[in-house]
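Analysis of the macromolecular model
As a plain string of letters, each chain reads:
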Amino acid sequence: MLYHFSFPHYSLPPRLYHTVRRSFGNSASMALKSFIDVGPDSHFPIQNLPFGVFRPDSGSPARPGVAIGDHVLDLSAVASAGLFGGPILAGSDCFHQPNLNKFLALGRPAWREARTTLQKMLSSTEPVLRDNAELKKKSLFPMDKVEMVLPIAIGDYTDFFSSMHHAKNCGTMFRGPQDPIPQNWFHLPIAYHGRASSIVISGTNIIRPRGQGYPSGNSPPYFGPSLKLDFELEMAAVVGPGNELGKPIDVNNAADHIFGLVLMNDWSARDIQAWEYVPLGPFLGKSFGTTVSPWIVTLEALEAFACKAPEQEPKPLPYLAEKVSKNYDISLEVQIKPAGQKDSCIVTKSNFKNLYWTVTQQLAHHTINGCNLRPGDLLGTGTISGPEPESRGCLLELTWNGQNSLSLKGTSRKFLEDGDEVTITGLCKGDGYTVGFGACSGKVVPAPQ
Ligand SMILES: O=C(O)/C=C/C(=O)CC(=O)CC(=O)O
Ligand SMILES: [Ca+2]
Ligand SMILES: [Mg+2]
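The name recorded for the chain in an unreviewed UniProt entry is Fumarylacetoacetase, from Rhodamnia argentea. Per UniProt, the comment on the chain under Pathway (unreviewed entry) is "Amino-acid degradation; L-phenylalanine degradation; acetoacetate and fumarate from L-phenylalanine: step 6/6." Here the chain is described in UniProt, under the heading Sequence similarities (unreviewed entry), as follows: "Belongs to the FAH family."

Dropping the structure here:
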């Protein structure tokens, strides 16, 4: 563990608070155990407690929850029972909302208070929920029975381009092998403004987009279903309080504006993209669907997996120079289940720590011109490719723009076919426990006729 957040000094509120700082103080610890059974490989031990939004059944209203083992704890139910007794959350209606935006706006002191209260409430030694059969019945739901929905109302979505390996591979293919990485790339985290309206929750089908591709010879441009549909292995930061228009966020305070991370698939139609995006950047080649995982893993839960970000050369300008430059050691994997097959194949393995620009630099850069970020905004990291051929984060790179085929148990792919299902997973291995993100999946369905 390289870094620690300092623990805030609360005045001690009722019940769940009195022993909290001593026994449940800082970050993940192996000794912490829940009264709820958590399997050894579960992504959701008490050290994680990611936040999401769910419906217990399709007729009921959406409400915030946290994942614990194979269960979801209903935060609206435990809030109604008066179990959030801390100074910020007692009496707050932030968990009686259909999304997490109100909670996100409260900022890090509230997030820490919620985590501390929940770790205590769910611990094996705490009777308040453990021994209350009626409240348990009202507040704990088997995860496989609930419907997860988008946890945030996303006002704006931006996607960065922060893996050097991805930038180099794409640059080589799209712009040629001379200087594949543009000069500006080493001075600022490049991004494009994405489309928030088409962000969907894991499990949603992705309709193959139709659009224009490069003309061949003297013919008009190709028009029809994309012939080069791709996935992009990404993560995304969920913005907390944000900033007022005209007031940039200092890079050294940027972490206080990031609630946590999700997995993200920035589905991309390479043929549409290549033809449309000069000189203004991605548009319809990206905006037909972007999938996110349902559980937001907080920076507090990730703190035990913080690691040093890569050295940056040339040195960034002062507004991007961080006192502590942090990445997280998150193992990432993409599997494809080809249409009509039973089994999935792993097609790439990468790691969040492959990012050159940190999420805090991305956030600070986003606001440096005065642009305001708002609670629930989403900042994609960009495709997370590593240095090895097996760690490339999209089919464009893995098949070198369709020049090679990727073999998948009994079949092969250059790009995605209708019926293919792509699943991204991510996890951090702790000492005796795992902090995971669950899955980010989507199946490709045919373009409209
Ligand atoms: O290098 C290019 O021209 C294009 C790259 C991308 O499509 C990647 C993009 O969406 C940003 C990223 O995911 O890193
Ligand atoms: Ca992308
Ligand atoms: Mg997309």
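Now that the structure has been shown, the text picks up again.
**Considerations on the pairing of strand E6 (residues 157–160)**
Burial along E6 is two-sided: the residues Tyr157 and Asp159 and Thr158 and Phe160 are all buried. By the bridge criterion, three bridges tie E6 to strand E22 (residues 378–380) in an arrangement that is parallel. The partner of Thr158 across the bridge, within E22, is Leu379. Pairing analysis gives three bridges linking E6 to strand E7 (residues 191–193), with the strands arranged antiparallel. Looking at the pairing, Phe160 lines up with Ala191 of E7.

**Overview of the coordination of the magnesium ion (ligand 3)**
Bound to the magnesium ion (ligand 3) are the protein donor atoms Asp266 (OD), Trp267 (O) and Lys286 (O), situated 2.2 to 2.6 Å from the metal. Among the residues examined, Trp267 registers a relative accessible area of 0% and is labelled buried. The exposure class assigned to Lys286 is buried, which follows from its relative accessible area of 6%.

**Description of the site of ligand 1**
Residues in contact with ligand 1 amount to 17 residues; listed here are only the nearest, Arg175, Gln273, Tyr277, Lys286 and Thr383. Here an oxygen atom of ligand 1 sits 2.6 Å away from a polar atom, N or O, in the side chain of Lys286. Note that an oxygen atom of ligand 1 is positioned 2.7 Å from one of the side-chain N or O atoms of Thr383. Protein coverage of the free-state accessible area of ligand 1, which is 380 Å², stands at 95%. According to the grid-proximity analysis, the pocket containing ligand 1 is the largest pocket.

Criteria and cut-off values
- In this convention, every chain numbers its residues from 1, walking through the sequence in written order.
- The naming scheme follows written order: chains are lettered A onward, ligands numbered 1 onward.
- Per-residue local features are limited, in this predicted model, to residues with pLDDT of at least 70; the limit for side-chain atom pairs, both in listing and counting, is 80 or more; totals at the level of whole chains, interfaces and linings are taken over all residues.
- Values shown for side chains rest on all heavy atoms present in the structure; no hydrogens or waters enter the calculation.
- UniProt positions are given in the numbering used here, feature names are shortened, and annotations may be inferred rather than shown by experiment.
- Burial here depends on accessible area, computed with a 1.4 Å probe over protein chains only, as a share of the maximum for the residue type. Under 20% is buried, over 50% is exposed, and the range in between is partly exposed.
- Each helix is a run of H or I in the DSSP string that is no shorter than four residues. Each strand is a run of E no shorter than two, and both are numbered from the N terminus.
- Pairs of strands are assigned from DSSP output, requiring at least two bridges between the strands.
- Think of the donor list as every N, O and S atom within 2.8 Å of the metal, or within 3.2 Å for Na, K and Ca; water never makes the list, so a site can look incomplete.
- We call a residue near a molecule or strand as soon as one heavy atom of that residue lies within 4 Å of the molecule or strand.
- We call two N or O atoms a polar contact when they sit within 3.5 Å, provided that within protein one can donate a hydrogen and the other can accept it, with sequence-adjacent residues counted only if both atoms are side-chain atoms.
- Each accessible area value is a Shrake-Rupley result obtained with a 1.4 Å probe; residue values ignore everything except the protein chains displayed when judging cover.
- Any residue with an atom within 4 Å of a point lines the site, the site being either a cavity, points on a 1 Å grid over the protein atoms alone where a 1.4 Å probe fits but cannot get out, or a pocket, an open set with protein on both sides within 12 Å along at least 5 of 7 lines.
- Being in a pocket or cavity means that more than half of the molecule's atoms lie within 2 Å of its grid points.

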